[in-house]
Amino acid sequence: MWRRLQMIFQRKFKITLLFLLLLALLVHLAMDLALSATPRPCGCDAKAPKASGIPSGSSMLASPKKLSLRILQDFSGSNGSLEKSSRPQRAGPHTRAGEPGIRRQSREGNVGRTEGSKLAALFDHPLYNIPIPEVTEKDKLFVVNPMEKFSLRSSGSDEWVSSSKAETVLPTGKTAYDTYPTWLKFHVGINRYELYPRRDPLMPTLLRDLATQRIVSSGRPGTRRHPSTSSTSQTLSGTTRRLQPSTWTAVLMTRCGNQSGLARNGFQVLRFRILDFRRIPPVSGRLVNITKEIRDITTDKKLAKTFFISPAGNVCFYGECSYYCSTEHALCGKPDRLEGSMAALLPDKTLAKRRSWRSPWRRSYHKSKKAEWELNPNYCAQVRETPPYNRGHRLLDLIDMTVLDFLMGNMDRHHYETFEKFGNDTFLLHLDNGRGFGTHSRDELSILAPLRQCCSIKKSTYLRLQLLATQPYRLSDLLREALATDPLAPILAEPHLRALDRRLGKVLEAVGRCLAGAARPEEVLVDDVGSRV
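Bear in mind the structure is a predicted one, so any value in this text is a computation, not a measurement.

Conventions we followed
- Residues numbered from 1 in each chain as written.
- Predicted model: local features only at pLDDT ≥ 70, side-chain atom pairs only at ≥ 80, totals over all residues.
- Heavy atoms only, no water.
- Helix = DSSP H or I, 4+ residues; strand = E, 2+ residues; numbered from the N terminus.
- Buried < 20%, exposed > 50% of the residue type's maximum accessible area, 1.4 Å probe, protein only.
- Areas by Shrake-Rupley, 256 points an atom, 1.4 Å probe, with all protein chains shown as cover.
- Disulfide = S-S within 2.5 Å.
- Patch = residues over 30% accessible without salt bridge, like charges linked within 9 Å, V, L, I, M, F, W, Y side chains within 5 Å.
- Salt bridge = Lys/Arg side-chain N within 4 Å of Asp/Glu carboxyl O.
- Phe/Tyr/Trp six-rings, centres within 6.5 Å; stacked < 30°, edge-to-face > 60°.
- Lys NZ or Arg CZ within 6 Å of the ring centre and 35° of its normal.
- Axes fitted to C-alpha atoms, helices over the stretch in contact; angles between N-to-C directions.
- Parallel < 35°, antiparallel > 145°, perpendicular 65-115°, else oblique.
- Left-handed = near helix turned anticlockwise from the far one by under 90°.
- Contact = heavy atoms within 4.5 Å.
- Nonpolar A, V, L, I, M, F, W, Y, C, P; charged D, E, K, R; others polar.
- Expected span 1.5 Å × (residues − 1).
- Core = buried A, V, L, I, M, F, W, Y, C linked by side-chain atoms within 4.5 Å.

## Some thoughts on the overall build of the protein chain
Right, on to step 1. Scanning the protein chain from terminus to terminus reveals 16 helices and 15 strands.
Right, on to step 2. Evaluated residue by residue, the protein chain yields a buried proportion of 49% over its 533 residues.
Right, on to step 3. Accessible surface for the protein chain amounts to roughly 27000 Å². Of this, 55% is attributable to carbon and sulfur atoms.

## What to know about the state of the cysteines
Right, on to step 1. All chains considered together, the criterion is met by three disulfides.
Right, on to step 2. The side chain of Cys316 participates in a disulfide bridge whose partner is Cys332; the two sulfur atoms lie 2.0 Å from each other. Given an S-S torsion of about 110°, the disulfide between Cys316 and Cys332 has right-handed geometry. Of this pair, Cys316 sits in strand S9 (residues 315-317) while Cys332 sits in strand S10 (residues 331-332); the two residues are 16 residues apart in sequence, bridging distant segments of the chain. Here Cys316 and Cys332 have matching classes, each one buried.
Right, on to step 3. The disulfide that involves Cys455 links it to Cys514, with 2.1 Å between the sulfurs. Here Cys455 and Cys514 share a disulfide; its torsion about the S-S bond, -75°, makes the bridge left-handed. Linking Cys455 in the loop between helix H12 (449-454) and strand S14 (457-458) with Cys514 in helix H15 (residues 494-516), this pair joins segments that are 59 residues apart in sequence.

## As for a nonpolar patch on the surface
Right, on to step 1. Together, Phe19, Leu20, Leu23, Val27 and Met31 make up an exposed nonpolar region whose accessible area comes to about 490 Å².
Right, on to step 2. Mapped onto the secondary structure, Met31 falls in helix H1 (residues 2-37).
Right, on to step 3. Residue classification places Met31 among the partly exposed positions, given a relative accessible area of 48%.

## A few points about the packing of aromatic side chains
Aromatic ring pairs: the centre-centre distance and the angle between the two ring planes describe each pair.
Right, on to step 1. Applying the stated rule across the entire model yields seven aromatic pairs.
Right, on to step 2. When the ring of Phe123 is compared with that of Tyr128, the centres are 6.2 Å apart and the planes differ by 65°; the resulting orientation is edge-to-face. This pair shows no difference in class: Phe123 is buried, exactly as Tyr128 is.
Right, on to step 3. On the numbers, 6.2 Å between centres and 45° between planes, the contact of Phe308 with Tyr318 is tilted. With Phe308 in strand S8 (residues 308-309) and Tyr318 in the loop between S9 and S10, the pair connects residues that are ten residues apart, well separated along the chain.
Right, on to step 4. Given a relative accessible area of 5%, Phe308 falls into the buried group.
Right, on to step 5. In textbook terms, an aromatic cluster arises when at least three aromatic residues are bridged by ring pairs, as seen for Phe419, Phe422 and Phe427.
Right, on to step 6. Above the ring of Trp357, the side-chain terminus of Arg355 is found at 3.9 Å from the ring centroid.
Right, on to step 7. Looking at Arg394, its charged tip hangs above the ring of Trp357, at a distance of 4.6 Å from the centre.

## A few points about the packing of helix H11 (residues 394-408) against H15
Right, on to step 1. With their axes 8 Å apart at the nearest point, H11 and H15 run at an angle of 140° to one another. Taken as axis vectors, H11 and H15 run oblique relative to one another. Judged by the twist between their axes, the crossing of H11 over H15 is right-handed. In this structure, H11 contributes Val403, Phe406, Leu407 and Met408 to the contact, and H15 contributes Leu500, Arg503, Leu504, Lys506 and Val507.
Right, on to step 2. Broken down by class, the residue content of the contact of H11 with H15 amounts to seven nonpolar, no polar and two charged.

## Some points on H11
Right, on to step 1. For H11, which comprises 15 residues, the first-to-last C-alpha distance of 22 Å matches the rise-based estimate of 21 Å (1.5 Å per residue) to within 8%.
Right, on to step 2. In terms of burial, H11 is largely enclosed, as 15 of its 15 residues are buried.

## Some details on the pattern of salt bridges
Right, on to step 1. Enumeration according to the criterion identifies 24 salt bridges in this entry.
Right, on to step 2. Note that Arg192 is salt-bridged to Asp139, the shortest N-O span being 2.8 Å. Pair noted here: Arg192 is in the loop between helix H4 (182-188) and helix H5 (203-212) and Asp139 is in the loop between helix H2 (118-123) and strand S2 (150-152), with a separation of 53 residues, a long-range link.
Right, on to step 3. On the basis of relative accessible area, Arg192 is assigned to the buried category, the value being 12%.
Right, on to step 4. Judged by relative accessible area, Asp139 falls into the buried class, the value being 5%.
Right, on to step 5. For the salt bridge of Asp276 with Arg198, the shortest nitrogen-to-oxygen distance reads 2.9 Å.

## Looking at unusual backbone geometry
Right, on to step 1. Residues Lys334 and Pro335 are joined by a peptide bond in cis, for which omega reads -15°.
Right, on to step 2. Mapped onto the elements of the fold, Pro335 is located in the loop between S10 and strand S11 (337-344).
Right, on to step 3. The linkage connecting Ala489 with the following residue, Pro490, adopts the cis geometry, with an omega of 0°.
Right, on to step 4. Mapped onto the secondary structure, Pro490 falls in the loop between helix H14 (475-483) and H15.

## Brief notes about the nonpolar core
Right, on to step 1. If you look at the biggest cluster of nonpolar residues, it comprises 61 residues, and the most contacted ones within it are Leu122, Ile274, Trp361, Leu395, Ile457 and Leu468.
Right, on to step 2. Elements with a minimum of two residues in this core: H2, helix H10 (379-384), H11, H12, helix H13 (459-468), H14 and H15.
Right, on to step 3. Of all the elements, H11 adds the most residues to this core, at nine residues.
Right, on to step 4. The next biggest cluster of nonpolar side chains, apart from the first, holds 18 residues, and it includes Leu206, Ile215, Met342 and Phe419.

Next up, the structure:
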């Protein structure tokens, strides 16, 4: 009897165990099917942790087991497009091949200035019409041969070459300048005082070309700390256009994830002529097909090896760089469309040498070690005695850049550059602004250390900041209007726009404290305008 009961119990136990295993398998399959069928408007896993540091749109926010490389389909061995990932998304009834998904730029040709707009009123204000000194030949970056014309190679190459037979290839204009491509006209216009003039007629065309011209090649842009790629446009060859994939813009649009550790694209497309700082290369937002416009046309084997398909079927890549270049920080499309910024790079350094300067207020980038300026309250006195800050307007230009960095929350200003031809008497190039607009709720006052320690600022800059704090010229309203014409608009979320007004008030407060404690106010507000305002 006892043995019979044991046999019955063992059989029931085995049957029960098999039933439980089968039930667990069915539940697991049901969960997988439910997750794959769930719509993800954010382009990322809804259950992902908010501070995971994974790019928006990436499906790598799944569980650690699903991050195993063996479930990622390697994309590096083939140049064929996936049927699913390369299918164009319809952006409108007249979307053309070569311009996939590009949204039309409203008010094309006026760079955000419309009749009756706040921007138009701002740029008509006397503070924005202060003339620069007369530009002589020695103040120009390039000396142009007025008889030299440009043409395309008859072989069909996209390279621009000098040719004495240009008249037979390109329409002959009134001058040789008319035969120059837009990017070359931009380079020719650079001078000692600015990258481009206040009312540059080339800017609408250049921005439109950056957003729409066909990309003919792609590769790695050199030494970078974040995933990015360089692309060259069809009619803009001769200069490279950088595509920095927009992990941050996607976060602003979808509010999914937290990209505090990665370079963000939001500031790259900002046209900060609002502060009259014409020191940032022109940039336009662009929607890029990762498959057709980067992977399929690249000749960079190392870059090609970093492409893969995520578990959700999105096309991803991570490139090669010092930091964040791994599958955990890959840049992914939806499924292969990625918002990015296309920037007109400056002239090649072999033609126009640039000098890199280490910022005196550079951070230590160390968890326990502080920089000297954080410990020494009289640090600015040392800087004032050190070339090139001991004469000219270099220190004031650096403080201008400090104000800009504070407004956008950029704590990563470790270096800046100048054109070597102009020596120390020239403007500072505001490059590498990708760390801007990270956290709208935090105002990092340490960025203002140069202003607060030196208690000096250009009078023209201070007057413009005061103007932007008034209701008719509110900074957030002006920037919202300026960015509305970008192909990827809206660029900034409303909390970031409100943060600009708040931070502007704190800059004016800092200058006010300097004026209150100054024996000579003219040492705080350094007059650079004279009687021109």
